[in-house]
2 protein chains.
Amino acid sequence: MEVSVLRNVLDANDLIAADNRKAFDAHGCFVINLMSAPGSGKTTILERTLHHLNGRVRAGVIEGDVLGTLDADRLAPLGAPVVQINTDPHFGGECHLDARMIRNALDQLKLEGLEIVFIENVGNLVCPAEFRVGEDRKVMVLSVAEGDDKPLKYPLMFRVSNLLLLNKVDLEGHVEFDSARFRANVARVNPGLPVIELSARTGQGIDAWLAWLEAEAAVAKGGRHVG
Amino acid sequence: MEVSVLRNVLDANDLIAADNRKAFDAHGCFVINLMSAPGSGKTTILERTLHHLNGRVRAGVIEGDVLGTLDADRLAPLGAPVVQINTDPHFGGECHLDARMIRNALDQLKLEGLEIVFIENVGNLVCPAEFRVGEDRKVMVLSVAEGDDKPLKYPLMFRVSNLLLLNKVDLEGHVEFDSARFRANVARVNPGLPVIELSARTGQGIDAWLAWLEAEAAVAKGGRHVG
């Protein structure tokens, strides 16, 4: 019974996600759902990314947090419109974004002229992986400080993601993280998952991430033209 | 309506948590609910802790993970009985432990003779804070690699916890973490929360944590005797 309840929730979510998708398509927006555990560096990566895109590619951001506008405040000066979602109408707050929250955010984010929309999910390695929001690509961030065992412990997020950004590689040597073991663990749950090593702190790997973004946006745009 | 659904779920959970509590009390077990984001170091802290307690205090462990037995396998050689809960009967898995899962685990964990039971929750800073499982104390772990802003972004867990273990302090200087700002952020959401700085990697601060554990266990035991 619990399984069918869950399926109903996810089915209802997918219908709204499809509506969001149509709205994004209508404006030619390429949409990234950025997911990770708390403190993996999603916002710092977005800061770097928006800084590089500024003046070249028009980007918008939807920020998901249980509470507060800390991340939106960090991103606001970088030239992209930012809309904040707080998932805390209830005790504790929701631990993920769903399609309905994104639909509500679209009342505030003008899609006209935006080429890329980044959706920064709530920091959580479990539930965000279950909810489509209308994105083109799911990108997960993992910090080396979180350990090389995470693919085996939180497999769904590794399975549904189109790209893994392995962040804070400047900490390698200071933390227990075996790169070869990590790659092997990733291969066990999602052998095709591309991994880009980066450090949002030093800027290492940002070029590779921007190149991926540009290439995938072009692929998505081509797909929409054909469709 | 959603609020009342949530309240019903939590009320039902609390009834089972009270049953668990009675079972723990009947055997004089002091129970810690250990919570954190993924990769904060809960298991490494437990390894250190069990190593120190071994031969002095009889401890048991209930391990919560979405999938797998990686953490239980790490703890098994340390002389304490370990029971694994996997929260993944469904797509994606549950992102927290609840009282019913702990009740089921008690079918496998013999409480007779156990003085301390550690419950290692699923790695997540949101939902585990909402579910009582019958514990005496909630202890949260935060790694400095996660950043000093987390109290403002995930306030409930900081509010419900009785102790904060600030882990990986050996990384200070390598990550963006301002200790004074962190303390101020903690004070904004829970001014009375004690903080122990430690490094499960180097062993720094483990003594203070063991002393807290011993003192709190004595307080809890006294309370049970009086009650």
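Residues numbered from 1 in each chain as written. Chains lettered and ligands numbered in written order. Predicted model: local features only at pLDDT ≥ 70, side-chain atom pairs only at ≥ 80, totals over all residues. Heavy atoms only, no water.

**Comments concerning the confidence of the model for chain A**
Looking at chain A, pLDDT values average 94 and 96% of them are 70 or higher. Reported confidence for the predicted complex is 0.90 by ipTM and 0.93 by pTM. (pLDDT = per-residue confidence, 0-100.)

**Considerations on helix α7 (residues 179-189) of chain A**
All names here are of chain A. Taken together, the buried positions of α7 are Phe 182, Asn 185, Val 186 and Val 189. Looking straight down α7, one finds that the buried residues subtend no more than 100° of arc, so they occupy a single side. Of the exposed residues in α7, the ones pointing more than 90 degrees away from its buried face are Ala 180 and Arg 188. Where α7 is buried, its residues contact β5 (137-143), α5 (150-153), α6 (155-160) and β6 (163-167). A distance of 3.0 Å separates the backbone nitrogen of Ala 180 from a side-chain oxygen at the start of α7, and that oxygen is part of Asp 178. (Buried < 20%, exposed > 50% of the residue type's maximum accessible area, 1.4 Å probe, protein only. Helix = DSSP H or I, 4+ residues; strand = E, 2+ residues; numbered from the N terminus. Arc of directions from axis to C-beta. Contact = heavy atoms within 4.5 Å. Polar contact = N/O pair within 3.5 Å; in protein donor to acceptor, adjacent residues only side chain to side chain.)

**What about the interface of chain A and chain B?**
Quite often, the size of an interface is put as the accessible area lost when its parts meet. Each side of the interface is counted separately: chain A has 44 residues, and chain B has 44 residues. Here chain A meets chain B over a buried area of about 3700 Å², counting both sides, of which 60% is carbon and sulfur. Counting the contacts that link chain A with chain B gives six salt bridges. Across the pair Lys 153 of chain B and Asp 65 of chain A runs a salt bridge, and its minimum N-O distance is 3.6 Å. (Buried area = accessible area lost by both parts, 1.4 Å probe. Salt bridge = Lys/Arg side-chain N within 4 Å of Asp/Glu carboxyl O.)

**Observations regarding the sheet that holds β5 of chain A**
All names here are of chain A. Within the open sheet, the seven strands sit side by side as β3-β2-β4-β1-β5-β6-β7. Their pairing is parallel. The outermost strands of the open sheet, each flanked by one partner alone, are β3 (82-86) and β7 (195-197). When strand polarity is set aside, the average angle formed by the axes of neighbouring strands in this sheet is 20°. For strand β2 (residues 59-65) and β3, the ladder comprises five bridges, and the chain directions are parallel. Bridging from a neighbouring strand, Glu 63 pairs with Gln 84 of β3. Each of β1 (30-36), β2, β4 (116-120), β5 and β6 touches helix α2 (residues 42-53); the most contacted strand, β4, lies at about 165° to it. (Pairing = 2+ DSSP bridges. Axes fitted to C-alpha atoms, helices over the stretch in contact; angles between N-to-C directions.)

**Thoughts on the pairing of β5 of chain A**
All names here are of chain A. Taken across its seven residues, β5 has seven buried, putting it largely inside the fold. Here β5 shows no split at all, with Arg 137, Val 139, Val 141 and Ser 143 on one side and Lys 138, Met 140 and Leu 142 on the other all buried. Pairing analysis gives five bridges linking β1 to β5, with the strands arranged parallel. Bridge assignment links Met 35 to a residue of β5, and that residue is Met 140. As paired strands, β5 and β6 are joined by five bridges and run parallel to one another. Residue Val 139 lies in a different strand from β6, and its bridge partner there is Leu 163.

**Remarks on the sheet that holds strand β2 (residues 59-65) of chain B**
Residue and element names in this part refer to chain B. Read across the open sheet, the seven strands follow the order β3-β2-β4-β1-β5-β6-β7; overall the sheet is parallel. Edge positions in the open sheet fall to β3 (82-86) and β7 (195-197), since each of these has one partner strand only. Sheet twist, expressed as the average angle between the axes of neighbouring strands with direction ignored, equals 20°. Judged from the five bridges that link them, β2 and strand β4 (residues 116-120) form a sheet pairing that is parallel. When the sheet's bridge partners are listed, Glu 63 is paired in β4 with Glu 120. In the packing of helix α2 (residues 42-53) onto the sheet, contacts are made with β1 (30-36), β2, β4, β5 (137-143) and β6 (163-167), and the angle to β4 comes to roughly 165°.

**Structural notes on α2 of chain A**
In this model, α2 of chain A (12 residues) spans 16 Å end to end at C-alpha, consistent with the 16 Å of a helix rising 1.5 Å per residue. The first or second residue beyond α2 of chain A is Gly 55 of chain A, which carries a positive phi of 90°. (Expected span 1.5 Å × (residues − 1).)

**Observations concerning the pattern of salt bridges**
All names here are of chain B. With the rule as written, the count across this model stands at 26 salt bridges over all chains. The salt bridge partner of Arg 21 is Asp 136, with a shortest N-O separation of 3.0 Å. With Arg 21 in helix α1 (residues 2-26) and Asp 136 in the loop between β4 and β5, the pair connects residues that are 115 residues apart, well separated along the chain. The partner of Asp 149 in a salt bridge is Lys 150, and the shortest N-O contact between them spans 2.6 Å. In this structure Asp 149 comes out as buried when scored by relative accessible area, which is 13%.

**What to know about the side chain of Ser 161 of chain A**
All names here are of chain A. Turning to its location among the elements, Ser 161 is positioned in the loop between α6 and β6. For Ser 161, the side chain forms a polar contact with the main-chain oxygen of Met 157, separated by 2.7 Å. With residues near it in sequence (within four places) discarded, Ser 161 still touches Met 35, Lys 138, Met 140, Asn 190 and Leu 193.

**Observations concerning the state of the cysteines**
Using the criterion set out here, one finds zero disulfides over all chains in the structure. The thiol sulfur of Cys 127 of chain A is not disulfide-bonded, and the nearest other cysteine sulfur, from Cys 95 of chain B, lies at 3.5 Å. Owing to a relative accessible area of 9%, Cys 127 of chain A belongs among the buried residues under this scheme. (Disulfide = S-S within 2.5 Å.)

**Regarding the environment of Leu 6 of chain A**
For Leu 6 of chain A, the location among the structural elements is in helix α1 (residues 2-26). Remark: the alpha-carbon pair of Leu 6 of chain A and Arg 56 of chain A, spanning 50 residues in sequence, is separated by 42 Å.

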